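# Analysis of the macromolecular model
Letter by letter, the chains look like this.
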Amino acid sequence: MTTETPATEKKRPQWIRQAVDFGALVAFIGAYFITRDLIKATWVLVIASGIALAVGYVVERRFAPLPLITGLFALVFGVLTIFFNDDLFIKLKLTIQNVILGGILLGSLPLKKYPFKYLLGDAIKVTDHGWRILTFRYGAYFLIVAAANEVFRSEAAVLAIWDAFGWATPDPDAVWTSFRGVLWIAASVFGLSQIPVILKHMIKDEEPGPVSPDTGL
């Protein structure tokens, strides 16, 4: 029988959490490029999101706030997409979710309240000044993502951009799905770029780690 030290227990959920957080997104992107059908891919997203929430609960014995919020958004907008047979809902999901999150975070700054601290749970522990910096940065990030999504979900905007660069006419759905993949990478890079702030304002005896602002589709 093996015993687990506190350090092992603390480290184990980190990689599992990342797999859970991004599993539904990877499944969605893979399903789209296999089927070339956003509705069919959304079926995969809904199922994968439900599994991700269940696995996350089993691993951590609770629902982590941010993955829970994004997971529920994926489920609700995914079901709407399937029910109405209209991929507009799944495309709008990213805009609505990020506008709400960004608005709440930036709106909390004048009140000196940091809801981001509660959204991340015990993922990181920094001083209030550190939370203020992270809250502003992530709030701005969410709004930028919402704006970018509005561009890439618009067929007219995509065609205009491609035409301006003289590129061949694209498949707008493929462009948007690819954008989601690029955004996943950008989210990871953005999370890594916040490590210096976390290190500087970290409460002692805590191990820093990158926290992605986007936990799935």
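Since this is a predicted model, take the numbers as computed values, not measurements. (Residues numbered from 1 in each chain as written. Predicted model: local features only at pLDDT ≥ 70, side-chain atom pairs only at ≥ 80, totals over all residues. Heavy atoms only, no water.)

Across its full length, the protein chain holds nine helices and zero strands. Secondary structure elements of the protein chain, listed N to C terminal, follow the sequence α-α-α-α-α-α-α-α-α. Burial statistics for the protein chain: of 217 residues in total, 41% are counted as buried. Restricting to contacts in the protein chain with at least 6 residues of sequence separation, those with at least 24 account for 68%. Just so you have it, the protein chain exposes about 11500 Å², and 69% of that area is on carbon and sulfur atoms. (Helix = DSSP H or I, 4+ residues; strand = E, 2+ residues; numbered from the N terminus. Buried < 20%, exposed > 50% of the residue type's maximum accessible area, 1.4 Å probe, protein only. Contact = heavy atoms within 4.5 Å. Areas by Shrake-Rupley, 256 points an atom, 1.4 Å probe, with all protein chains shown as cover.)

To continue, consider the packing of aromatic side chains. Counted according to the given criterion, the structure contains 13 aromatic pairs. Consider the rings of phenylalanine 84 and phenylalanine 89, whose centres lie 5.4 Å apart with planes at 25°: the pair is stacked. What links up through ring pairs into an aromatic cluster is the set Phe116, Trp131, Tyr138, Tyr141, Phe142 and Phe190. (Phe/Tyr/Trp six-rings, centres within 6.5 Å; stacked < 30°, edge-to-face > 60°.)

Moving on, we come to the pattern of salt bridges. Counted by the stated rule, this structure contains three salt bridges. The salt bridge involving glutamate 150 is made with arginine 153; its shortest N-O contact spans 2.6 Å. (Salt bridge = Lys/Arg side-chain N within 4 Å of Asp/Glu carboxyl O.)

A few words on the packing of helix H6 (residues 128–152) against helix H8 (residues 172–193). At a closest axis distance of 11 Å, the pairing of H6 and H8 adopts a crossing angle of 165°. Between H6 and H8, the angle is such that the two are roughly antiparallel. Crossing of H6 against H8: the hand is right-handed. Counting all contacts with H6, which are made through Arg137, Tyr138, Tyr141, Val145, Ala148, Asn149 and Phe152, the residues of H8 involved are Val175, Trp176, Phe179, Leu183, Ala186, Ala187, Phe190 and Gly191. The class makeup of the residues in the contact of H6 with H8 is 12 nonpolar, two polar and one charged. (Axes fitted to C-alpha atoms, helices over the stretch in contact; angles between N-to-C directions. Parallel < 35°, antiparallel > 145°, perpendicular 65-115°, else oblique. Left-handed = near helix turned anticlockwise from the far one by under 90°. Nonpolar A, V, L, I, M, F, W, Y, C, P; charged D, E, K, R; others polar.)

Turning to the nonpolar core, a few remarks are in order. Counting 38 residues, the largest nonpolar core has Phe28, Phe116, Trp131, Leu134, Tyr138 and Tyr141 as the members making the most contacts within it. Within the residue set of this core, elements represented by two or more residues are helix H1 (6–35), helix H2 (38–60), helix H3 (65–84), helix H4 (88–108), helix H5 (115–119), H6, H8 and helix H9 (195–201). (Core = buried A, V, L, I, M, F, W, Y, C linked by side-chain atoms within 4.5 Å.)

Let's shift gears to the confidence of the model for the protein chain. Low pLDDT marks stretches whose predicted atomic positions should not be read closely. For the protein chain, the mean per-residue pLDDT works out to 86, and 83% of the residues sit at or above 70. Considering only residues more than four positions removed or in separate chains, one finds that residues 1–12, a stretch of pLDDT under 50, has six contacts. (pLDDT = per-residue confidence, 0-100.)

It is worth spelling out the side chain of serine 108 at this point. With respect to the helices and strands, the residue serine 108 is situated in helix H4. Judged by its relative accessible area of 6%, serine 108 falls in the buried class. Within the local environment of serine 108, its side chain forms a polar contact with the backbone oxygen of leucine 105, the two atoms lying 2.6 Å apart. Reaching out from serine 108, the side chain makes a polar contact with the backbone oxygen of lysine 113 at a distance of 2.9 Å. When neighbours within four sequence positions are excluded, serine 108 is seen to be in contact with Lys113, Pro115 and Thr135. (Polar contact = N/O pair within 3.5 Å; in protein donor to acceptor, adjacent residues only side chain to side chain.)

Let us now look at H3. Over its 20 residues, H3 extends 29 Å from the first C-alpha to the last, a length consistent with the 28 Å expected when each residue adds 1.5 Å. Of the positions making up H3, those classed as buried are Leu66, Pro67, Thr70, Gly71, Phe73, Ala74, Phe77, Gly78 and Thr81. With its buried residues spanning 155° around the axis, H3 presents them on a single face. Phi for asparagine 85, located one or two positions after H3, is positive at around 55°. (Expected span 1.5 Å × (residues − 1). Arc of directions from axis to C-beta.)

Once that is clear, we can look at the packing of H2 against H3. The interhelical angle for the contact between H2 and H3, taken along N-to-C directions, is 150°, at an axis separation of 9 Å. Accordingly, the angle class assigned to the pair H2 and H3 is roughly antiparallel. Crossing hand, H2 versus H3: left-handed. Facing Ile39, Thr42, Trp43, Leu45, Val46, Ser49, Gly50 and Leu53 of H2, the residues of H3 in contact are Pro67, Leu68, Gly71, Leu72, Ala74, Leu75, Gly78, Val79, Thr81 and Ile82. Taken together, the residues of the contact of H2 with H3 sort by class into 12 nonpolar, six polar and no charged.

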